[in-house]
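Listed below, chain by chain, are the residues.
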4 protein chains.
Amino acid sequence: MNWHPAYTGRVLAPDHAFAADRLYEAFLDALTAHARTVARLPAAQGHESELTALDAGLRRQRTLPAPRPEPGVPDLYFALQKRLETEIGPESLAWLRLGLSRNDLDMTAYVLAAREGLLRVARRAGALREALLDLADAHVETVIIATTHHQPAQPTTLAHYLVAAAAVVGRDHDRLLGALARLDRCPLGAAALAGSSHPLDRAFTAAALGFREPVANTYDAVAAGDWQLDLAALGQTLGVGLSRLVHDLVAAASDGWLRLADDLVQGSSIMPQKRNPVTLEHARTRFGRAAGAAQMLAFSNHNVPFGDVNDVGPDVQEAVHTVLDALDAGLELLVACLRGATIDADRLAARAAATDTTATELADELVRTGGCTFPEAHRIATALVRLQADRSRTLASATPDDLVGCGGPRLTAEALADALSPAAFVARRSGIGGPAPAAVRSQIERGRRELAEYHRAVDTSTARIDAAHRKLRAPGKDTTT
Amino acid sequence: MNWHPAYTGRVLAPDHAFAADRLYEAFLDALTAHARTVARLPAAQGHESELTALDAGLRRQRTLPAPRPEPGVPDLYFALQKRLETEIGPESLAWLRLGLSRNDLDMTAYVLAAREGLLRVARRAGALREALLDLADAHVETVIIATTHHQPAQPTTLAHYLVAAAAVVGRDHDRLLGALARLDRCPLGAAALAGSSHPLDRAFTAAALGFREPVANTYDAVAAGDWQLDLAALGQTLGVGLSRLVHDLVAAASDGWLRLADDLVQGSSIMPQKRNPVTLEHARTRFGRAAGAAQMLAFSNHNVPFGDVNDVGPDVQEAVHTVLDALDAGLELLVACLRGATIDADRLAARAAATDTTATELADELVRTGGCTFPEAHRIATALVRLQADRSRTLASATPDDLVGCGGPRLTAEALADALSPAAFVARRSGIGGPAPAAVRSQIERGRRELAEYHRAVDTSTARIDAAHRKLRAPGKDTTT
Amino acid sequence: MNWHPAYTGRVLAPDHAFAADRLYEAFLDALTAHARTVARLPAAQGHESELTALDAGLRRQRTLPAPRPEPGVPDLYFALQKRLETEIGPESLAWLRLGLSRNDLDMTAYVLAAREGLLRVARRAGALREALLDLADAHVETVIIATTHHQPAQPTTLAHYLVAAAAVVGRDHDRLLGALARLDRCPLGAAALAGSSHPLDRAFTAAALGFREPVANTYDAVAAGDWQLDLAALGQTLGVGLSRLVHDLVAAASDGWLRLADDLVQGSSIMPQKRNPVTLEHARTRFGRAAGAAQMLAFSNHNVPFGDVNDVGPDVQEAVHTVLDALDAGLELLVACLRGATIDADRLAARAAATDTTATELADELVRTGGCTFPEAHRIATALVRLQADRSRTLASATPDDLVGCGGPRLTAEALADALSPAAFVARRSGIGGPAPAAVRSQIERGRRELAEYHRAVDTSTARIDAAHRKLRAPGKDTTT
Amino acid sequence: MNWHPAYTGRVLAPDHAFAADRLYEAFLDALTAHARTVARLPAAQGHESELTALDAGLRRQRTLPAPRPEPGVPDLYFALQKRLETEIGPESLAWLRLGLSRNDLDMTAYVLAAREGLLRVARRAGALREALLDLADAHVETVIIATTHHQPAQPTTLAHYLVAAAAVVGRDHDRLLGALARLDRCPLGAAALAGSSHPLDRAFTAAALGFREPVANTYDAVAAGDWQLDLAALGQTLGVGLSRLVHDLVAAASDGWLRLADDLVQGSSIMPQKRNPVTLEHARTRFGRAAGAAQMLAFSNHNVPFGDVNDVGPDVQEAVHTVLDALDAGLELLVACLRGATIDADRLAARAAATDTTATELADELVRTGGCTFPEAHRIATALVRLQADRSRTLASATPDDLVGCGGPRLTAEALADALSPAAFVARRSGIGGPAPAAVRSQIERGRRELAEYHRAVDTSTARIDAAHRKLRAPGKDTTT
């Protein structure tokens, strides 16, 4: 067949190149699993030598590079089949085609490759929460002034902030596991869409490929693309969600209180102090890419027939991996930044002391211990803030006399200092979820417990898949579950 | 304060209108829960009368319309507070402000309203799977010719297709429950972001509002917007995913074998046969809207500081409900279409009989029982297809002689008819996930079991929330958990 | 007809409400123009009284509120027609329906309303460039240190930056005019899609509605939705493009050197220095909303038949106006911020003097006048930067001796000070596009010329439309062009 | 410098690979233009030999493959510079760095590569309109039944439809030219952002690279990314807009009246009639990819500082070309499908004759010539439609007696046949934009005129660029404009 140059140049050639680059092993895994499933059919009894040759032939392909495109051969699978036929003969090869369709074979290869990519992202996302909790651990007492509306708002600790960020990542872990569970089902055996009339043992096939189970409906197996929409959702949710953390880290680096490791910044040969936090910027763009690339998956799945396998098949797989790779890269860059970061706690402390962000706490204190009503307390605190600002003094340096002068009760110097101290502000917020050191430590512990559980879930899947791979890729035909 | 007309006209006025329309009850719920939490503070002992007045005042607000905007009052909450102050006096009101910030109050109201919308969508999505399974139940033996690449591909049954579609919806159920679990946590008590120095019992507050638990970190509680990204993901995943089902139903309606109920079509007064399946089209556009509107949530959360509460707060809530309403509407329209649909099984059967989509099965049969190798069988089947096409006869009408004439073995007339019959094609596919009636029936049963479990999960959440509402909205202050 | 409650509640009711709120006048304009076109048909001769009654009846509708929904009446147009029939009788009304279809009538109303919204956005975008150029004019000599990678990079002027931002807006003006030109064509007379067999004068109709011309193909007129994609592109291009300007202004406000007017900030009653630049944040979210809402238009138009009028018709109009309103709001807020902003030039100057961003210029100067090769010059400048940093002195305070000590040639004190002065750095960049005051002034002038041309284009369209409206909405039937 | 493996693996390595693959020539062009601009500086007088060596060295690079990554060399440009230095020595190389920054060099290379891609898309879009108009030319009399709401609606001609589709493409041409004009300006000479203190002749540089003009503000030159948003808008507008045309062509292919060329379909070896119109499906997915990939550009530009050059620089260029390549591929595939398509006019005619879509025209005719009022005419036509349907006859076969029997006037057989004939229906619609053959022919002519103008515009740009390339890439330093 001589296809039109547009079809060859725009479809067949790039598809072949992509499959050779990213799907070759997945195809061999799927074909091997199918061949071993076929070998267990009643019809295969008495044909052991052909089936053994087939298995060996497939195994040998693993030692060869993916076949190159050639004229008249539409794609990688046909090229592979052709090479295989040369090696093992048509009789052995014929068994491979029994009960197999491009639809289920392709979808299986796509799902295998996506599962691998997704697990990689899942592990990186685990590393991110770990890095955040580790950094939090070291900064349970590092007071920062949190901003809202880009203005100093309230004292809290760096750890409190990092635990919040880690909690978002913890929910991303839920999302990743949900997507993984939905993806981790085997399409193979669905044939074109209606399954085969041969009694293929789909549970065996699924186990051979390390899947949780076969897809429960064969039409669903080849036609559904919602696993791609799950990946799109992850690309967008993680990408956009983490962009906010990156934004804050960039601001901290620009501010100077967060310093990236030397091997993660770009300097200026002439201005040695210049430390462009480019790695954070690149993380930001990777997350933006993940969020944007997600729309390729959305459009490809939109308003197309359920049975149309191109839109959710070959034509969208590159986009699937664009999303996964962008997340993977963004997470790797971000973890590297956090792991090598140093925090200038002195600068943070000096800055905290200079703000008047404890004014509300003073008012609360006047209610609590000074016998004021809330409105009175508010008025007095406001007056004190103004007085100090007018004298260009920090609020923290106000004296009991100043307070009395503003109409307030007389507090002891200690009580007043305490009411105005950012660290005391923090210490006093010891309820569920608050920034007081003990409260944050318990949040960190909870985070670590959740993370351990997450790691267990990811590891369990990985171990199941690894075990399957060892059998599948090993010499010797295996036809037992 | 006289704000700038741009600020009033573009921000304050529309925000007030939206809050009055969609958030008033949520605000009252949150404020009541907070007031009752305050009433349990040690500091509140001895102030029962003020706190009782506050509770009663809040309850009375439920009987009034939301306050109208007025000059100098920035938003609904301040207007509500002002009205309340007039009614109960500043002393009682002061207790409401204790330990409360706009940040946690607003976020709680937003989450409450979103939770309600999400539960509504969740119930509709349950109704959709039910409608699909019910229709499948009735069409386990209705043979259709599935298409791939917009061409007849293989026989299967309508039920097999519908179960596949229902399986996608089943995965949507997982997604909905995941999003609900992540959303169903109470921000209240987080104050501006660091919690309060008063020992507010956040677990009590959470229970009072029917939440699963308090958000475990107060910074997370007010700053995180990833619950919106979950809704965005649902808008996109369900919207795009279901667009494919709608596409097929529209095609079926256009083809004529699916007929919508009369109260769901638009006709032409002059061409009475014209039955525009507009309700399906409107479902399509609602799903497209959900998918598109999701991007408003994505952009609002993108590259903004974690602490910036406007982007994930007031400014994005209308978009949150655009997504939820679009899903709700699309699902309601789609369920209505399925519930009232009639299927023209005769037309489907006639069409199935006219195709040559069983040719591959004939080849398989020749391998299985005719002693042919796969390549031979394929050649013979191809020849028979051509022969019949050249004679303008259907493949199903081929005779044993025709088969022999094409180089095939002699099958009995019954065996040949069976090999070429779409119904037999289907019946023979009885493996896991296949279209054979018994196989599909077991898939339907599995679907119903999953659905029952899903309904239970949704009902449990709903019951918890309803119980909380009864206490919260009832007369009489309740300060016990 | 009793429609299904889902259809009534999810489609008919909201569509009626939207049309009554946003499209009523457009419908009356379109109907009036059609009625006057019909009145010029040969077939209408001798029926002047009916046609006069029709015209008067339509005019009277303008004095009434839009009709309310009623059972059995599907939408605003039918309700309007019914009310009109009651008033003028069926004979007069029948003329209105001649050659008219819902397809062309609806599309015309949609285009009219969108054109009005687009012109509003166009005028605001004009005001934005003007505000930027005016502010630039006042800051041609205000030196700032431009940042790249969130680090101080090079001296330039505030005006240079603002002119760059204004240039982006200038390209947005091109985009707006392009979209306007493509939109500004009249669909009316296209009937269902094939035009009418009556010789309706579509050029007359188009002129009556103030359009540039009729759409040149009637199928195109009712079926194309690419004008919506133009609006989507604007929502995204302006929304995302302007987000970068807003980002910088927020950073400047947070930094303190840009101060918004008092009526555009939210303060804290207790911390009077707190000036949350919320209006900028709200501008940011409006632009994000515009960019996100654009996707509703994209999805609605995606993979749907060209002839399907719901997807690009009623079902997407609310989204059209969400995009336009968000742009309009964002622009209005942004212009208000710029118009009321004050710049703290002293702070900027102090900050500029403290950086070492002129180091590269020193190197260039050493090449130019000091007889150094480029690599030598670079080495010397680097050494001087380090020396000053080690001594905690600013680079600008280096002396000729310091330079010699670093291996450099002896410059005069003036020459060295000049080489190290941010202002001189700027002054020296006087080439095309550079920041030197004269260069920027000429850029401002060019910007003002382009802006004047843009205003002329917008005003011309507006004037044409206004003139048409005056005729169209005036008493007395007008049947002349 | 030993960078972090994450930074090397995720940023430097892929950036190098991409630049080597897609930007190498653009870099050489930009560097050559810069070197020749430098050679014209007063400071360069007397250094002719160094500058000649530089020019020759750059020219020689064109004969070599792009340099490979090596440890310690961050990217392609540095690797190129290093290789160049080895060849021509540091003195010659130093001239290249004079007044040059990575910011303006990179942006110039990006714009050059994007301009080339955009012109390629522009030419393909020209070919698309041409193919549509050519096919229209051949089918001015081919009657089709246009559908609305997926139901037969009205007769028109294939040409009328195709001209409508071509009109959308014509508006895409406007969009392409607008984007091209905005893009076609030279950033070089902007240096880091403030231009150089050397009097570089930016107009010369711009002309040397075939640009229309230099960017008028140097900050704008390096910082603005709105040209990417223009490409995003094109990706979305063309991608989504053309998806509707593809949708209709797929439906036509599925219906069987449009037949793609043999070299554009995939068949089934066993079912020879199966002609999967996969090329159209692949066009559909390319357009979906273009629309989705556009969001990568949108997110990368969103909420980032104007001065941040990574987000709109290296990190987004791959996405720029994903959008352009997807459009290019989709257009090429679509044009191939149209060019090789055959239309089964007989099938269309038979189908047209079988519908009752001329019923409205009969009513109009009864008004026009039968002396009926519009409501009467409508009633009679409805009755006739029903009568024929009840008798299972086509509407077209109704007789004058039938009409009288339905209460209508007696028409002659000819007049009735004419009123009911789809072809006559079409012929009668001869107004502006209608489907009557003469009207469509004049639309085709207008389309061809617009297309010729468009081609002229594209060719003029291409010629200017080609001429510049010839000078730029030719041996011998050219320093004249």
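Asker: What exactly am I supposed to notice about the overall build of chain A here?
Answerer: Across its full length, chain A carries 18 helices and 8 strands. Computed over C-alpha atoms, the radius of gyration of chain A comes to 31 Å, more than 25% over the 23 Å expected from 2.2 N^0.38 for 481 residues, which places it beyond the range of a compact globule. Here the C-alpha coordinates of chain A stretch approximately 100 × 50 × 40 Å along the principal axes. Residues classed as buried in chain A amount to 65% of the 481 residues present. For chain A, the exposed surface amounts to about 15,500 Å²; the carbon and sulfur share of it is 53%.

Asker: Can you walk me through the side chain of Thr32(D) in this structure?
Answerer: Within the fold, Thr32(D) resides in helix H2 (residues 24-39). Reaching out from Thr32(D), the side chain makes a polar contact with the backbone oxygen of Leu28(D) at a distance of 2.6 Å.

Asker: Mind showing me how you'd approach the interface of chain C and chain B here?
Answerer: It is common to give the size of an interface as the accessible area that goes away when the parts come together. If you look at the interface, chain C gives 45 residues, while chain B gives 45 residues. Our count for the contact surface shared by chain C and chain B stands at 8 salt bridges. Its salt-bridge partner being Arg286(C), residue Asp315(B) comes within 2.9 Å of it at the nearest N-O pair. Our count for the chain C to chain B interface comes out at 22 residue pairs in polar contact (both at pLDDT 80 or more). Residue assignment for the side of chain C that touches chain B shows that the elements contributing at least two residues are helix H1 (5-22), helix H10 (278-301) and helix H11 (314-339) of chain C. Broken down by element, the side of chain C that touches chain B gets its largest block of residues, 16 residues, from H10(C). Of the residues that constitute the side of chain C that touches chain B, the class distribution is 18 nonpolar, 12 polar and 15 charged.

Asker: In this structure, what is going on with the environment of Gly313(B)? I would like to understand it.
Answerer: Relative to the assigned elements, Gly313(B) resides in the loop between helix H10 (278-301) and helix H11 (314-339). Along the chain, Gly313(B) and Met107(B) lie 206 residues apart, while their C-alpha atoms are 6.7 Å from each other.

Asker: Can you help me understand the interface of chain D and chain C in this one?
Answerer: Tallying the contact residues gives 84 residues for chain D and 85 residues for chain C. Across the chain D/chain C interface, buried area totals approximately 7,300 Å², and carbon plus sulfur atoms make up 54% of it. The interface formed by chain D and chain C includes 10 salt bridges. Close ionic contact of Asp230(D) with Arg175(C) constitutes a salt bridge, the shortest N to O distance being 2.7 Å. Applying the counting criterion to the chain D and chain C interface returns 40 residue pairs in polar contact (both at pLDDT 80 or more). With 14 residues, the top contributor of residues to the side of chain D that touches chain C is helix H9 (residues 226-255) of chain D.

Asker: What should I look at first to understand the relation of the copies chain D and chain C in this one?
Answerer: A rotation about an axis combined with a shift along that same axis relates the two copies of the chain. By a simple turn and slide, chain D fits onto chain C: the slide is 0.0 Å along the axis, the RMSD is 0.1 Å, and the turn is 180 degrees. Taken together, the rotation and translation describe the operation of a two-fold axis. Minimal C-alpha distance to the rotation axis in chain D is attained by Ala233(D), lying at 2.4 Å. By residue overlap, the copies meet face to face through one surface: 100% of the interface positions of chain D are interface positions in chain C.

Asker: Even after reading the chapter, I still don't get the pattern of salt bridges, so can you show me in this structure?
Answerer: Oppositely charged side chains are able to pair whenever their charged atoms sit close together. Taken as a whole and judged by the stated rule, the model has 181 salt bridges over all chains. One salt bridge connects Asp137(B) with Arg448(B), and the closest N-O pair in it is separated by 2.8 Å. Taken together, the residues span a long stretch of sequence, with Asp137(B) in helix H5 (residues 102-138) and Arg448(B) in helix H18 (residues 437-473) at a distance of 311 residues. Here Asp137(B) falls in the partly exposed class, since its relative accessible area comes to 39%. The partner of Asp328(D) in a salt bridge is Arg120(D), and the shortest N-O contact between them spans 4.0 Å. Here the residue Asp328(D) occupies a position in helix H11 (residues 314-339), and Arg120(D) occupies one in helix H5 (residues 102-138), the gap between them amounting to 208 residues.

Asker: I would appreciate a short explanation of the pairing of strand S1 (residues 143-148) of chain A in the present structure.
Answerer: Along any regular strand the residues' side chains alternate between the sheet's two faces. Counting buried residues in S1(A) gives 5 out of 6 residues, a clear majority hidden from the surface. The hairpin formed by S1(A) and strand S2 (residues 151-157) of chain A contains 2 residues between the paired strands, and His149(A) there has a positive phi angle of roughly 50 degrees.

Asker: Where do I start with the packing of helix H5 (residues 102-138) of chain A against helix H9 (residues 226-255) of chain A in this structure?
Answerer: For any two helices packed against each other, the geometry comes down to the angle between their axes and how far apart the axes lie. Residue and element names in this part refer to chain A. Their axes nearest at 12 Å, the elements H5 and H9 cross at an angle of 20 degrees. Of the possible angle classes, the one that applies to H5 and H9 is roughly parallel. Of the two elements, H5 crosses H9, and the hand of that crossing is left-handed. Along its contact with H5, which presents Met107, Tyr110, Val111, Ala114, Leu118, Leu128 and Leu132, the element H9 presents Trp227, Leu231, Leu234, Leu242 and Leu245. Taken together, the residues of the contact of H5 with H9 break down into 12 nonpolar, no polar and no charged.

Asker: Even after reading the chapter, I still don't get H10(C), so can you show me in this structure?
Answerer: Because each turn of an α-helix spans 3.6 residues, side chains separated by three or four positions in sequence point in the same direction. All names here are of chain C. Taking 1.5 Å as the rise per residue, H10 with 24 residues should run 34 Å; its terminal C-alpha atoms sit 35 Å apart, in good agreement. Summarising burial for H10: 23 of the 24 residues are buried, a large majority. Within two residues after H10, Asn303 carries a phi angle of roughly 55 degrees, on the positive side.

Asker: Please explain the packing of aromatic side chains as it appears in this structure.
Answerer: On inspection of all chains with the given rule, the structure shows 22 aromatic pairs over all chains. Taking the centre distance of 5.8 Å and the plane angle of 85 degrees together, the rings of Phe306(C) and Tyr161(D) count as edge-to-face. With Phe306(C) in the loop between H10 and H11 and Tyr161(D) in helix H6 (residues 158-183), the pair connects residues from two separate chains. Across the pair, Tyr161(D) and Phe306(C) agree in class, each one buried. Clustering of aromatic rings is evident, with ring pairs tying together Tyr161(A), Tyr219(B) and Phe306(B). For the cation-ring pair, Arg115(D) lies above Phe211(D), with the distance from its terminal atom to the ring centre recorded as 4.4 Å.

Asker: Would you mind showing me how to read the domain arrangement of chain A here?
Answerer: Residues and elements named next belong to chain A. When its domains are assigned, chain A resolves into domain 1 (5-98), domain 2 (103-344 + 443-473) and domain 3 (359-420). For domain 1 and domain 2, the distance between their C-alpha centroids amounts to 31 Å. Counting from both sides, the interface comprises 23 residues of domain 1 and, opposite them, 26 residues of domain 2. Of the roughly 2,100 Å² buried at the junction of domain 1 and domain 2 (both faces included), carbon and sulfur atoms supply 68%. Area buried by domain 1 at its contact with domain 2 is led by Phe18, Arg22 and Thr37, which between them contribute 23% of it. Where domain 1 touches domain 2, the interface holds 4 salt bridges. Measuring nitrogen to oxygen at the nearest pair gives 3.0 Å for the salt bridge that ties Arg40 to Asp201. Applying the counting rule to domain 1 against domain 2 returns 8 residue pairs in polar contact (both at pLDDT 80 or more).

Asker: Sorry, what's going on with helix H4 (residues 76-97) of chain A here?
Answerer: All names here are of chain A. Taking 1.5 Å per residue, 22 residues should reach 32 Å; H4 reaches only 15 Å between its end C-alpha atoms and comes up short. Its maximal kink placed at Gly89, H4 deviates by approximately 120 degrees, while the proline Pro90 follows within four residues. Downstream of H4 by a residue or two, Gly99 has a phi angle that is positive, lying close to 70 degrees.

Asker: Explain a negative patch on the surface here, please?
Answerer: A contiguous patch of negative charge, built from Asp21(A), Glu318(A), Asp21(D) and Glu318(D), is present on the exposed surface. Its place among the elements puts Glu318(A) in helix H11 (residues 314-339).

Asker: Looking at this model, I keep getting lost on the confidence of the model for chain A. Mind explaining?
Answerer: Keep in mind that low pLDDT regions are not for reading the predicted coordinates in detail. Mean pLDDT over chain A stands at 94; residues scoring 70 or higher make up 98%. Both confidence scores are given for the complex: pTM 0.97, ipTM 0.96.

Calculation criteria
Residues numbered from 1 in each chain as written. Chains lettered and ligands numbered in written order. Predicted model: local features only at pLDDT ≥ 70, side-chain atom pairs only at ≥ 80, totals over all residues. Heavy atoms only, no water. Helix = DSSP H or I, 4+ residues; strand = E, 2+ residues; numbered from the N terminus. Rg over C-alpha atoms; globule rule 2.2 N^0.38 Å. Buried < 20%, exposed > 50% of the residue type's maximum accessible area, 1.4 Å probe, protein only. Areas by Shrake-Rupley, 256 points an atom, 1.4 Å probe, with all protein chains shown as cover. Polar contact = N/O pair within 3.5 Å; in protein donor to acceptor, adjacent residues only side chain to side chain. Contact = heavy atoms within 4.5 Å. Salt bridge = Lys/Arg side-chain N within 4 Å of Asp/Glu carboxyl O. Nonpolar A, V, L, I, M, F, W, Y, C, P; charged D, E, K, R; others polar. Buried area = accessible area lost by both parts, 1.4 Å probe. Least-squares fit on C-alpha atoms with pLDDT ≥ 70 in both. Pairing = 2+ DSSP bridges. Axes fitted to C-alpha atoms, helices over the stretch in contact; angles between N-to-C directions. Parallel < 35°, antiparallel > 145°, perpendicular 65-115°, else oblique. Left-handed = near helix turned anticlockwise from the far one by under 90°. Expected span 1.5 Å × (residues − 1). Phe/Tyr/Trp six-rings, centres within 6.5 Å; stacked < 30°, edge-to-face > 60°. Lys NZ or Arg CZ within 6 Å of the ring centre and 35° of its normal. Domains from an automatic or database assignment. Bend = angle between axes of the 7 residues up to and from the residue. Patch = residues over 30% accessible without salt bridge, like charges linked within 9 Å, V, L, I, M, F, W, Y side chains within 5 Å. Lys, Arg positive; Asp, Glu negative; His and termini not counted. Charge placed at Lys NZ, Arg CZ, Asp CG, Glu CD. pLDDT = per-residue confidence, 0-100.

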